[in-house]
Amino acid sequence: MVASEVRALFAVASRPEVVSLAGGMPYVTALPLDTVGELVQDLVSRRGPVALQYGSGQGDPHLREQICEVMRLEGIDAGPDDVVVTVGSQQALDLVTRIFIDPGDVVLAEGPSYVGALGTFAAYQANVVHVPMDSEGLIPEALAEAITTARAAGRRVKFLYTVPTFQNPAGVTLSAARRRRVLEICNGAGVLVVEDNPYGLLSFDGDTMRALRADDPEGVVYLGSFSKTLAPGFRVGWALAPHALRDKLVLAMESAVLSHSAFSQLAVGQYLTTQPWREQIKDFRELYSERRDAMLSSLEALMPAGCTWTRPAGGFFVWMTLPEGLDSKAMLPRAVNARVAYVPGTGFFADGKGSRQMRLSYCYPEPDRIREGVRRLAGVIEQELAVRDTFGTGSRSDRDGVDTPGPDLA
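Just so we're clear, the structure is a prediction, and the values are computed from it rather than from any experiment.

S.K.: Can you help me understand the overall build of the chain in this one?
M.R.: Counting its regular elements, the chain contains 13 helices and 14 strands. For 410 residues, the compact-globule formula gives about 22 Å, and the C-alpha radius of gyration of the chain, at 21 Å, lands near that figure. Its C-alpha atoms give the chain principal-axis dimensions of about 65 × 55 × 35 Å. Per-residue burial for the chain yields a buried fraction of 58% across its 410 residues. Taking the contacts inside the chain whose residues are at least 6 apart along the sequence as the reference set, 77% of them involve residues at least 24 apart. Entry remark: accessible area of the chain is about 16,600 Å², with carbon and sulfur atoms responsible for 52%. In the chain, 40 positive and 49 negative side-chain charges are present, and the distance between their average locations comes to 3 Å.

See the structure below:
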């Protein structure tokens, strides 16, 4: 496990005068906070002896039934017996990795990939092999080639880790045709798919993509979370696993924390029972769509020639590529000095790639702040281009590897 040298910069970046386009923090202020407070108070008054006690290692039975109702929006037909509630989906990923990975085993992951997953894989000494993406998500032919190459070298491929919908950090979505092909490739090769889907319900056009798990109950472990559709502070996520794996997940869960918070689970369950949660998700979609539009229009108007970026149809993130000769990690201190922050692309690769890329988040700042942040960032990039044009190359960072951020950046 390694700490991130980038993390120290964000003690400065969190100052109010800095526009942070870095953090993947949901805009929880959009929740009816008074109602949530009343709900919590009522929970303690009525069910305090249960809510404040130890709970089941698999999770509250009623909440597991409600989770199945949420997953039906993505085409998943599942029963509560195969749901394991976890401390956020991050813990679910940690438990799956603990169960499957021996040191040196191969995990296939999109390139770029979610930095929190890369930190987990590194902690269990997995060998991460990145599979490239394009605007339609993970490239199936590259996936098949990666499996063949790894096995030809005598290495064990344990699973494919993918965020197929509004991917973190790239913002792209795996197309329906490619979803079928990815499942065919992994089934044919006997490779498990770990589908991480925290953003799936945050589509800006209102259409919800069908989850991979919906079409392959035995070959896919589905990871879900209430962090993006309710609030991350509850720390409630889940894993939907094939029956044979479920018992091992419960054992690993009990080994890790004995039992998770009954209070948080019952609070989320009461929210789902008493509140119009589908309407709240619609409100989040509209809010994030407005902020996405503010970012894309600002990038189009202000960024120097040679910069390119993705155009997400949902979720939280835009992935931007800088012109040749620029290094996003080396540039970050100067960006923070100009009072704007982002996450360098190197943190999203296990092999040191991503020096020309950066992740820009639009979920938390107000639209006017987003526009101002993009203006400041464009000025920094223009200065870097001037240095490149004068000296032949921009300054470069000298450290490769995974940067493990704090939770506000992941």
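What follows continues from the structure just given.
S.K.: What's the story with the packing of helix α4 (residues 88–100) against helix α9 (residues 243–257) in this structure? I'm lost.
M.R.: Each packed pair of helices is defined by two parameters, the angle between the axes and the distance between the axes. Viewed as axis vectors pointing N to C, α4 and α9 meet at an angle of 110°, and their least axial separation amounts to 10 Å. In terms of orientation, α4 lies roughly perpendicular with respect to α9. For the crossing formed where α4 meets α9, the hand is right-handed. On α9, the residues that touch Gln-91, Leu-95, Val-96, Arg-98, Ile-99 and Phe-100 of α4 are Leu-245, Lys-248, Leu-249, Ala-252, Met-253, Ser-255, Ala-256 and Val-257.

S.K.: So what exactly am I meant to see when it comes to empty space enclosed by the protein here?
M.R.: If a probe as big as a water molecule is rolled over the atoms, it shows which places are left empty. In this structure the tally under the stated criterion is three cavities of 30 Å³ or more. Approximately 90 Å³ is the volume found for the largest cavity. The wall of the largest cavity is formed by 13 residues, among which Glu-74, Asn-197, Leu-201, Tyr-222 and Ser-225 lie closest to the centre. For the lining of the largest cavity, the leading source of residues is strand β8 (residues 220–225), giving three residues. Looking at the lining of the largest cavity residue by residue, the classes come out as seven nonpolar, five polar and one charged.

S.K.: For this particular structure, what's the right way to read helix α3 (residues 61–72)?
M.R.: Along an α-helix, residues three or four apart share an orientation, since each turn contains 3.6 residues. In this model, α3 (twelve residues) spans 17 Å end to end at C-alpha, consistent with the 16 Å of a helix rising 1.5 Å per residue. Of all the residues in α3, the buried ones are Leu-63, Arg-64, Gln-66, Ile-67, Cys-68, Val-70 and Met-71. Of the surrounding elements, those touching the buried residues of α3 are β2 (83–86), β8, β9 (237–240), α10 (262–274) and α11 (277–302). Between a side-chain oxygen at the N-terminus of α3 and the backbone nitrogen of His-62 the separation is 3.3 Å; the capping residue is Asp-60.

S.K.: What exactly am I supposed to notice about unusual backbone geometry here?
M.R.: Peptide bonds are trans in most cases, and residues, glycine excluded, mostly fall at negative phi. In this structure, Pro-112 follows Gly-111 across a cis peptide bond, with omega equal to 10°. With respect to the helices, strands and loops of the structure, Pro-112 is situated in the loop between β3 (106–111) and α5 (115–123). With omega at 20°, the peptide bond leading from Asn-168 into Pro-169 counts as cis. As for its position among the elements, Pro-169 is in the loop between β6 (157–162) and α7 (176–189). A positive phi is found at Gln-125, a non-glycine position, where the angle reads about 65°. Here Gln-125 is to be found in the loop between α5 and β4 (127–134). Even without glycine at this site, Leu-258 takes up a positive phi of about 65°.

What counts, and at which threshold
- Residues numbered from 1 in each chain as written.
- Predicted model: local features only at pLDDT ≥ 70, side-chain atom pairs only at ≥ 80, totals over all residues.
- Heavy atoms only, no water.
- Helix = DSSP H or I, 4+ residues; strand = E, 2+ residues; numbered from the N terminus.
- Rg over C-alpha atoms; globule rule 2.2 N^0.38 Å.
- Buried < 20%, exposed > 50% of the residue type's maximum accessible area, 1.4 Å probe, protein only.
- Contact = heavy atoms within 4.5 Å.
- Areas by Shrake-Rupley, 256 points an atom, 1.4 Å probe, with all protein chains shown as cover.
- Lys, Arg positive; Asp, Glu negative; His and termini not counted.
- Charge placed at Lys NZ, Arg CZ, Asp CG, Glu CD.
- Axes fitted to C-alpha atoms, helices over the stretch in contact; angles between N-to-C directions.
- Parallel < 35°, antiparallel > 145°, perpendicular 65-115°, else oblique.
- Left-handed = near helix turned anticlockwise from the far one by under 90°.
- 1 Å grid on protein atoms, 1.4 Å probe; cavity = no way out; pocket = protein on both sides within 12 Å on 5 of 7 lines; lining within 4 Å.
- Points joined across faces, edges and corners; volume = space filled by probe spheres on them.
- Nonpolar A, V, L, I, M, F, W, Y, C, P; charged D, E, K, R; others polar.
- Expected span 1.5 Å × (residues − 1).
- Polar contact = N/O pair within 3.5 Å; in protein donor to acceptor, adjacent residues only side chain to side chain.

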